[in-house]
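# Structure at a glance
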10 protein chains.
Amino acid sequence: MTTQPSKQLDTFPNPAPERDYTIRMRIPEFTCLCPKTGQPDFATFHLEYVPDQACVELKSLKLYMWSFRDEGHFHEKVTNDILQDLLKATNPRFMRLTGVFNVRGGIDTSIIAEYRDPAWTPPTPVQLP
Amino acid sequence: MTTQPSKQLDTFPNPAPERDYTIRMRIPEFTCLCPKTGQPDFATFHLEYVPDQACVELKSLKLYMWSFRDEGHFHEKVTNDILQDLLKATNPRFMRLTGVFNVRGGIDTSIIAEYRDPAWTPPTPVQLP
Amino acid sequence: MTTQPSKQLDTFPNPAPERDYTIRMRIPEFTCLCPKTGQPDFATFHLEYVPDQACVELKSLKLYMWSFRDEGHFHEKVTNDILQDLLKATNPRFMRLTGVFNVRGGIDTSIIAEYRDPAWTPPTPVQLP
Amino acid sequence: MTTQPSKQLDTFPNPAPERDYTIRMRIPEFTCLCPKTGQPDFATFHLEYVPDQACVELKSLKLYMWSFRDEGHFHEKVTNDILQDLLKATNPRFMRLTGVFNVRGGIDTSIIAEYRDPAWTPPTPVQLP
Amino acid sequence: MTTQPSKQLDTFPNPAPERDYTIRMRIPEFTCLCPKTGQPDFATFHLEYVPDQACVELKSLKLYMWSFRDEGHFHEKVTNDILQDLLKATNPRFMRLTGVFNVRGGIDTSIIAEYRDPAWTPPTPVQLP
Amino acid sequence: MTTQPSKQLDTFPNPAPERDYTIRMRIPEFTCLCPKTGQPDFATFHLEYVPDQACVELKSLKLYMWSFRDEGHFHEKVTNDILQDLLKATNPRFMRLTGVFNVRGGIDTSIIAEYRDPAWTPPTPVQLP
Amino acid sequence: MTTQPSKQLDTFPNPAPERDYTIRMRIPEFTCLCPKTGQPDFATFHLEYVPDQACVELKSLKLYMWSFRDEGHFHEKVTNDILQDLLKATNPRFMRLTGVFNVRGGIDTSIIAEYRDPAWTPPTPVQLP
Amino acid sequence: MTTQPSKQLDTFPNPAPERDYTIRMRIPEFTCLCPKTGQPDFATFHLEYVPDQACVELKSLKLYMWSFRDEGHFHEKVTNDILQDLLKATNPRFMRLTGVFNVRGGIDTSIIAEYRDPAWTPPTPVQLP
Amino acid sequence: MTTQPSKQLDTFPNPAPERDYTIRMRIPEFTCLCPKTGQPDFATFHLEYVPDQACVELKSLKLYMWSFRDEGHFHEKVTNDILQDLLKATNPRFMRLTGVFNVRGGIDTSIIAEYRDPAWTPPTPVQLP
Amino acid sequence: MTTQPSKQLDTFPNPAPERDYTIRMRIPEFTCLCPKTGQPDFATFHLEYVPDQACVELKSLKLYMWSFRDEGHFHEKVTNDILQDLLKATNPRFMRLTGVFNVRGGIDTSIIAEYRDPAWTPPTPVQLP
Ligand SMILES: [Ca+2]
Ligand SMILES: [Ca+2]
Ligand SMILES: [Ca+2]
Ligand SMILES: [Ca+2]
Ligand SMILES: [Ca+2]
Ligand SMILES: [Ca+2]
Ligand SMILES: [Ca+2]
Ligand SMILES: [Ca+2]
Ligand SMILES: [Ca+2]
Ligand SMILES: [Ca+2]
Ligand SMILES: [Ca+2]
Ligand SMILES: [Ca+2]
Ligand SMILES: [Ca+2]
Ligand SMILES: [Ca+2]
Ligand SMILES: [Ca+2]
Ligand SMILES: [Ca+2]
């Protein structure tokens, strides 16, 4: 099993495509470079999605996140690009990605992007007493 | 009374099938093996359900959870499989299972899966002052 | 005044049957026996109800709760049975009973059961600024 | 100015009857006697109301609350009785009274009673950003 | 620039009358006298409003609040009077004033009064993910 | 790269104009002068918006905020002016700006202003279990 | 293995008598009877000790605590009696027992008792940075 | 690199034997079996030590902790045994091991054991302002 | 001014060598590689010291921390090495460095190393009321 | 009374020189310029001292802090310089100044400097039960 950063997002078949369910992942170890200054940037990503036919594989997700380590990226674009890559790999019913970036220039930035399959209806929340 | 891990989920007749009520269980002592590396994984499960004719018996649930100790399982599949086994054993009106897994590869993962009997209508919440 | 455990739930006439109002009680000192092992179980009960013609008398409720001390009971059944006894004694407009049981076999259990008189409409909440 | 406990609730004309507004009072210094044992009981009352033509006067409310000090009262009745006295004195558009009683017999009790003038419509909440 | 207590509330033209926006002010340094005993009362006021053509000027608001220092006032009336003065000075689209008074006679009192221009519709809240 | 305060707000093309997403920024290092007394004022700004074709560039936003350092401004106007400049620069689908100003004259002030493109519909919130 | 309440405290040989070390136990499920009224009392015990030649066995401690369930005891005496029984069973270098009793008569009571072997010197605390 | 549970604790030369410094590790994923019932036990260990010539290697510590997964152990002994193994492997100047075990029989247990080289003097704490 | 990672730690003359004072720095953006697997590691460093003739310059400290980004390092060694470099650069009266590393293999690790000039006496703490 | 930034620190005679007492001030509105980049820096200062014959006058302290607004300063030096100016102006028995600077380059910095009159003995803290 190789352990190298990689842009390839592996998936595995959703083990329960017959139901809507939620997968939530907290990814606190993201770092890339500022495309203007070349200096390191740091962020925590929060991913939550309802899979359709495919789930993202944990280790490949880790290697994928690692692959940004030596690349220059703007906050807004990298968050949307990661979402786009995850959408292409998994084609989910719903996906939300939140990037919480460390302060730069005295300013804290968060980016929150969602995809919702037009054909998908979110489950009505059941609130038990 | 034998005390061995077991895949058998015992039930007992719901003592109050005439009403909808909620059973909530927190199960913090779950461990299985990573199917890729063979190393131990740890999770806390949260189960909540509205029983129909059967309730899951506490001790058998404990032995059932114990039965995963030496097995390899992916997070997404094992959560859905446990839900499926609990559904088969109890055939409830509603059931939600949440698996909160310990960090692996620097990533925290939670899986939340629900079943709702199509013929069942959730009770309208009563909010007293 | 005798002070003995008792299954009898005394009531007194609702002093204000002309209006819906809420009675909330927290009962942290419940103990019974496990019907399988004979060992003590412990729970905290939360009762809330809208009385109709009768209210449960505080001291008799305490003696009633005491009456389970030497009896064997399953969590699900005892919660529903106590609700049933309280319903029979007070015939309320609405009642909710929550049993929060101490951990057994590494598992925390809570049971939440409600009764709602079909002829009763909950008051529309008034939210003052 | 005499300072004696008194069942008389003085009022003064609502200075702004042209609008709905909220008056909230927290009254933590209530004590009466248990009608069964004669021992002291303690409670905190929370009053909130929308006045119509009259407001309850603060000092007379204090003396009124004091008047229960040597009287025996059940929790449910005294809460409804105080509400009734306040309704008779002020005839408000809306009133809610909550009595939070100290633990007795290992049981905490709260009583929450409301009055709403049938001809009155609560203001639609305005939620500013 | 004189610095004297004053009942005059100065305003300045709303710099953005073309949009609804919220102004919130916390005014913790209010004191007046009890009209019955002559003793000092203390309160914190919370003001929030949507201006129309005029905004209240901060320093004049401070001097206005100061002007109550040696006057006797009941809680309910002074809150409504201050609201009325602010309405007359600014003629806003919406205004809410909350007075949180220190405990007197063992009782905490809050008064919350609102004005809403009948011709004004509150903005629909936008909740971003 | 010059590093001078500047009223110019640079933008870059929205990297994902095909979807609605949220950008949130916390800007705690704002200071200007009181237009009446010439003394320093301090504030924290919170910006959140849904971009359309343009995003505000982080460094230019920092230099823009710096440009107020030696200018006199009223709280209400400067908040609306900054919003207006940001709207002109980015022409977003939705934007909310909150200014939290330090206490002056014993009074805390916050200003919250929003813009919503009339042709834009906010996304329906998706609440996953 | 019988499972009955028992006054017998089993011990096992201290597996590391060559060093001072601390054993801490939290025992929240204690109940006995009030010797005056016969009604149930509830407490949580905290035990901490430095064993010498013997350690108290967990299951026998549970059964021992259970043995008070049907006995009448005063708070002060039962705490000291339990300490005495534990001392007799284990003859430790140091032992501290704290009993935190539920409110009775509106009064919360805790009892804290210690034993220290006169020949024993407590270890000098090492505080690492 | 094999990945199997192992009782062997690898070490590496202390990279800074010329100074006293602290190594702290939190090890939340420990599980073994109850030697009486064969059922799983769970614990979190806290290790802190001042190394002398050797440090414990992280991965071997993980495999060592894993090695208890299928073994029966009492709380007191396993904590002292692990300390003993760590002492033998690293021969430190000071070491403290704390085992926090999940509740069993309604009782929480923690074991805290220390070793201090008689020839070693702890550093005097420096408290900076 | 170049902006490249660099092992050079610049200093400037301590502006107040006549007194003992404390400099505290929190450095949350440290990342290096695991020397065994080549995968990224993350840590937060806490530095506190009493300077003698030299202080570490902030920007050079940032570039120094950046210089570990592509290097393999063990936790214990890198913490002591950084301390050693800082000691060599600043030769302080006292210095403490704490490295808090992200969980690896289910284990959290912190390393705390200090240097104290033998000729230096820490100031006696003054605790004002 | 002029209102201009000023380096002059006015004092007034200590009204109680016969006793040691503490004066604490929180000064959150400090800003100066980075001497390297010319960009604004922000800090909160905490001052605590035991006056001898003189106390620092509040308004002059505010104008003094304002005087740094357009000056370039390093964190370590400006904190020690402010302490020095305060010492010269008030000649206290004890003084501690803490500067908490906003994050720069991903690093948080605090500087804590003290002066203690060699002839002064700090009061022994009195801890009331
Ligand atoms: Ca739920
Ligand atoms: Ca409720
Ligand atoms: Ca309310
Ligand atoms: Ca009280
Ligand atoms: Ca509001
Ligand atoms: Ca006040
Ligand atoms: Ca929002
Ligand atoms: Ca969500
Ligand atoms: Ca209890
Ligand atoms: Ca202790
Ligand atoms: Ca320690
Ligand atoms: Ca665990
Ligand atoms: Ca320290
Ligand atoms: Ca981080
Ligand atoms: Ca202090
Ligand atoms: Ca600030």
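The coordinates are above.
Residues numbered from 1 in each chain as written. Chains lettered and ligands numbered in written order. Predicted model: local features only at pLDDT ≥ 70, side-chain atom pairs only at ≥ 80, totals over all residues. Heavy atoms only, no water.

To continue, consider the coordination of the calcium ion (ligand 15). Where a metal carries four tetrahedral donors, each ideal angle is 109.5 degrees; where it carries six octahedral donors, the ideal angles are 90 or 180 degrees. Residues and elements named next belong to chain J. Protein coordination of the calcium ion (ligand 15) is provided by E48 (OE), E48 (OE) and R96 (NH1), with donor distances spanning 2.8 to 3.0 Å. Taken together, the residues E48 in strand β3 (residues 40-50) and R96 in strand β5 (residues 94-104) connect sequence positions 48 residues apart. By relative accessible area, E48 is classed as buried at 13%. What makes R96 buried here is its relative accessible area of 12%. (Donors = N, O, S within 2.8 Å, 3.2 Å for Na, K, Ca; no water. Helix = DSSP H or I, 4+ residues; strand = E, 2+ residues; numbered from the N terminus. Buried < 20%, exposed > 50% of the residue type's maximum accessible area, 1.4 Å probe, protein only.)

To continue, consider the relation of the copies chain E and chain D. One copy of the chain maps onto the other through a rotation about an axis followed by a shift along the same axis. Under the fitted operation, chain E is carried onto chain D by 0.2 Å of movement along the axis and a turn of 60°, and the coordinates agree to an RMSD of 0.1 Å. Between the two chains, the operation in question is that of a six-fold axis. Residue by residue, only 7% of the interface of chain E is reproduced at the interface of chain D, so the copies engage with different surfaces. (Least-squares fit on C-alpha atoms with pLDDT ≥ 70 in both. Contact = heavy atoms within 4.5 Å.)

Across all C-alpha pairs, the smallest distance from chain C to chain F is 20 Å, and the two are not in contact. Contact between chain G and chain J is absent, and the least distance between their C-alpha atoms amounts to 18 Å.

Below, the discussion takes up the nonpolar core. Residues B:L61 and C:L61 are the most contacted members of the largest nonpolar core, which totals 180 residues. Excluding residues that lie within four positions of it along the chain, B:L61 makes contacts with B:L9, B:M25, B:I27, B:L47, B:V56, B:L86 and C:I107. Counting 116 residues, the second largest nonpolar core, distinct from the first, contains H:V56, H:F68, I:V78 and J:Y64. (Core = buried A, V, L, I, M, F, W, Y, C linked by side-chain atoms within 4.5 Å.)

Most peptide bonds take the trans form, and the phi angle of most residues other than glycine is negative. The residue F:N91 is not glycine, and still its phi comes out positive at about 45°. Here F:N91 shows up in the loop between α2 (75-90) and β5 (94-104).

Glancing now at the pairing of strand β3 (residues 40-50) of chain H. Residues in a regular strand point their side chains to alternate faces of the sheet. Residues and elements named next belong to chain H. Of all 11 residues that make up β3, 10 are buried, and the element is covered over most of its length. By the bridge criterion, nine bridges tie strand β2 (residues 21-33) to β3 in an arrangement that is antiparallel. Bridge pairing in β3 links C32 to D41. Here β2 folds back onto β3 in antiparallel fashion, the turn holding six residues, of which G38 has a positive phi close to 75°. Looking at chain direction, β3 and strand β5 (residues 94-104) are connected through eight bridges and run antiparallel. Looking at the pairing, H46 lines up with T98 of β5. (Pairing = 2+ DSSP bridges.)

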